[in-house]
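# Coordinate inspection notes
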Amino acid sequence: MESYKNLLLANKAWVQEKIKLDRDYFTELARDQKPEFLWIGCSDSRVPAEEVTGTEPGEIFVHRNVANLVVHADLNMQSVLHYAIDVLKVKHVIVCGHYGCGGVRAAMTNQRFGILDQWLRNIKDVYHDHRDEIMAAGDLEAQTNRLVELSVFQQLHNITKTTSLQRSWNFDKRPTLHGWVFGMNDGLLKNLYRLDPDSPIEDIYRYDKDALR
Ligand code: CO
């Protein structure tokens, strides 16, 4: 059998399983979504947001891209962020990187990857800003993993530069931003960074409160 047909079969089995546990499961699911969390993760197939966090459909609003980047000119990413904060009113935004990230590893080389080069340049910029610290981390694997962590931290700060986030922090005291890194080797999420709604925002990126109303 062609492999994709397994997915459709597995879907039928999943539906049966859900209905067996709760006859109204899909009636409820179709009604509304009220996720508390926005997850910004890597597209890597080994880091499925719901599976590694033990969550069910309806619990996490998800955006994934190569190397979990928050890029200010990315309309897709910014739309997700705006919708999650303004409409869904999520309480937490999680940026989750992962050790051994292929995107981060690629950005550390001098190879070309076509259209991906523009995207990966955002990681090169993080490398540029923390070059000495990354070089001091150890071998290439350790350096890559340190850059993974530093990039997650940078993405949290990129979120704080948006008007959606600043408005919500000012007038609604949410969401809390979290920076996590998933370890392929042990399956554990490392809870590394946290920015609460009263965290300072660098002057040049901070909008006047009146301008945010
Ligand atoms: Co990755």
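Residue indices follow the written sequence of each chain, beginning from 1 at its first position. Residue-level local features of this predicted model are given only where pLDDT is at least 70; pairs of side-chain atoms are given and counted only at 80 or more, and the full residue set underlies all totals for whole chains, interfaces and linings. Only heavy atoms go into the side-chain values, all of them from the structure, while hydrogens and water stay out.

### Thoughts on the domain arrangement of the protein chain
Interface size, as often reported, equals the accessible area lost upon joining of the parts. Rules: An automatic or database domain assignment is the source of the domain bounds shown.
Domain boundaries assigned for the protein chain yield domain 1 (1–31) and domain 2 (33–212). On a C-alpha basis, the centres of domain 1 and domain 2 stand 31 Å from each other.

### A closer look at the nonpolar core
Condition: Residues grouped as a nonpolar core are buried Ala, Val, Leu, Ile, Met, Phe, Trp, Tyr and Cys residues, joined through side-chain atoms within 4.5 Å. Throughout, exposure labels follow a simple rule: accessible area from a 1.4 Å probe, protein chains only, divided by the maximum for the residue type, with under 20% read as buried, over 50% as exposed, and the rest as partly exposed. Labels follow the DSSP assignment, with helices taken as runs of H or I lasting at least four residues and strands as runs of E lasting at least two, numbered in each case from the N terminus. Residues count as neighbours in contact if any of their non-hydrogen atoms are within 4.5 Å of one another.
If you look at the biggest cluster of nonpolar residues, it comprises 41 residues, and the most contacted ones within it are Leu38, Ile40, Ile123, Ile159 and Leu177. Tallying contributions element by element places helix α8 (residues 140–160) first for this core, with 6 residues. Not counting chain neighbours up to four residues away, the residues in contact with Leu38 comprise Phe61, His63, Val80, Leu81, Ala84, Val90, His92, Val93 and Ile94. Of all hydrophobic cores here, the second largest spans 8 residues; its members include Ala49, Ile60, Ile94 and Phe182.

### Description of the sheet that holds strand β4 (residues 176–182)
The following threshold applies: Pairing between two strands is assigned when DSSP locates at least 2 bridges connecting them. What counts as an axis is a line fitted to C-alpha atoms, over the stretch in contact for a helix, and the angles between N-to-C directions run from 0 to 180 degrees.
Across the sheet, which stays open at both edges, the 5 strands sit in the order β2-β1-β3-β4-β5 with mixed pairing between neighbours. Both edges of this open sheet fall to β2 (60–65) and β5 (189–195), since each of them pairs with a single strand only. Within this sheet the neighbouring strands show an average axis-to-axis angle of 20 degrees, counted without direction. Looking at chain direction, β4 and β5 are connected through 6 bridges and run antiparallel.

### A few points about the coordination of the cobalt ion
Cut-off, in case you're wondering: For Na, K and Ca the donor cut-off is 3.2 Å, and for all other metals it is 2.8 Å, counting N, O and S atoms only; because water is absent from this set, sites may look incomplete.
Note on the cobalt ion: its protein donors are Cys42 (SG), His98 (NE2) and Cys101 (SG). The metal-donor distances range over 2.0 to 2.3 Å. Sequence spacing among the residues donating to the cobalt ion works out to C-x55-H-x2-C. This pair shows no difference in class: His98 is buried, exactly as Cys101 is.

### As for the packing of helix α6 (residues 116–129) against α8
To keep things clear, this is the line we draw: Here is the rule for angles: anything less than 35 degrees is roughly parallel, anything more than 145 is roughly antiparallel, 65 through 115 is roughly perpendicular, and the remaining ranges are oblique. Lys, Arg, Asp and Glu make up the charged group, whereas Ala, Val, Leu, Ile, Met, Phe, Trp, Tyr, Cys and Pro make up the nonpolar group; the residues left over, Gly among them, are polar.
Running from amino to carboxyl end, α6 crosses α8 at an angle of 105 degrees, the nearest separation of the two axes being 10 Å. Between α6 and α8, the angle falls in the class roughly perpendicular. Residue-level inspection shows Ile123, Val126 and Tyr127 of α6 in contact with α8, the latter providing Leu147, Leu150, Ser151 and Gln154. Residue composition of the contact of α6 with α8, grouped by class: 5 nonpolar, 2 polar and no charged.

### Considering the packing of helix α4 (residues 75–87) against helix α9 (residues 163–172)
For the record, the criterion: Should the near helix be turned anticlockwise from the far one by less than a right angle, the crossing is left-handed, and should it be turned clockwise, the crossing is right-handed.
One can describe the packing of α4 onto α9 by two numbers: an axis separation of 9 Å at closest approach and a directional angle of 15 degrees. As judged from the angle between their axes, α4 and α9 are roughly parallel. Note on packing geometry: the crossing formed by α4 with α9 is left-handed. Together, His82, Ile85 and Asp86 of α4 and Ser164, Leu165, Arg167 and Ser168 of α9 make up the contact between the two elements. Class assignment of the residues belonging to the contact of α4 with α9 gives a composition of 2 nonpolar, 3 polar and 2 charged.

### Brief notes about the pattern of salt bridges
The cut-off we apply is this: A carboxyl oxygen of Asp or Glu within 4 Å of a side-chain nitrogen of Lys or Arg is what we treat as a salt bridge.
Within this structure, the stated rule accounts for 15 salt bridges. Lys18 serves as the salt-bridge partner of Glu56, at 2.7 Å between the closest nitrogen and oxygen. Of this pair, Glu56 sits in the loop between α3 (49–53) and β2 while Lys18 sits in helix α1 (residues 3–21), placing them 38 residues apart in sequence. Classification of Glu56 by relative accessible area gives partly exposed; the value is 37%. Relative accessible area serves as the criterion here: at 15%, Lys18 is assigned to the buried category. Notably, a salt bridge pairs Arg213 with Asp210, separated by 3.5 Å at the nearest N-O pair. Owing to a relative accessible area of 67%, Arg213 belongs among the exposed residues under this scheme. Ionic contacts of the salt-bridge type, sharing partners, join the residues Glu133, Arg146, Glu149 and Lys190 into one network.

### Section: the side chain of Gln166
Position of Gln166 among the secondary structure elements: in helix α9. Once you skip the residues sitting within four places of it in the chain, Gln166 turns out to touch Thr160, Lys161, Ile201, Tyr205, Arg206, Tyr207 and Leu212.

### Description of the environment of Val90
Looking at where Val90 falls in the secondary structure, it is placed in the loop between α4 and β3 (92–98). With a relative accessible area of 0%, Val90 lands in the buried category. Sequence separation between Val90 and Glu36 is 54 residues, and the spatial gap between their C-alpha atoms is 4.5 Å. What Val90 contacts, discounting residues up to four positions off in sequence, is Pro35, Glu36, Phe37, Leu38, Ala84, Ile85, Arg174 and Pro175.

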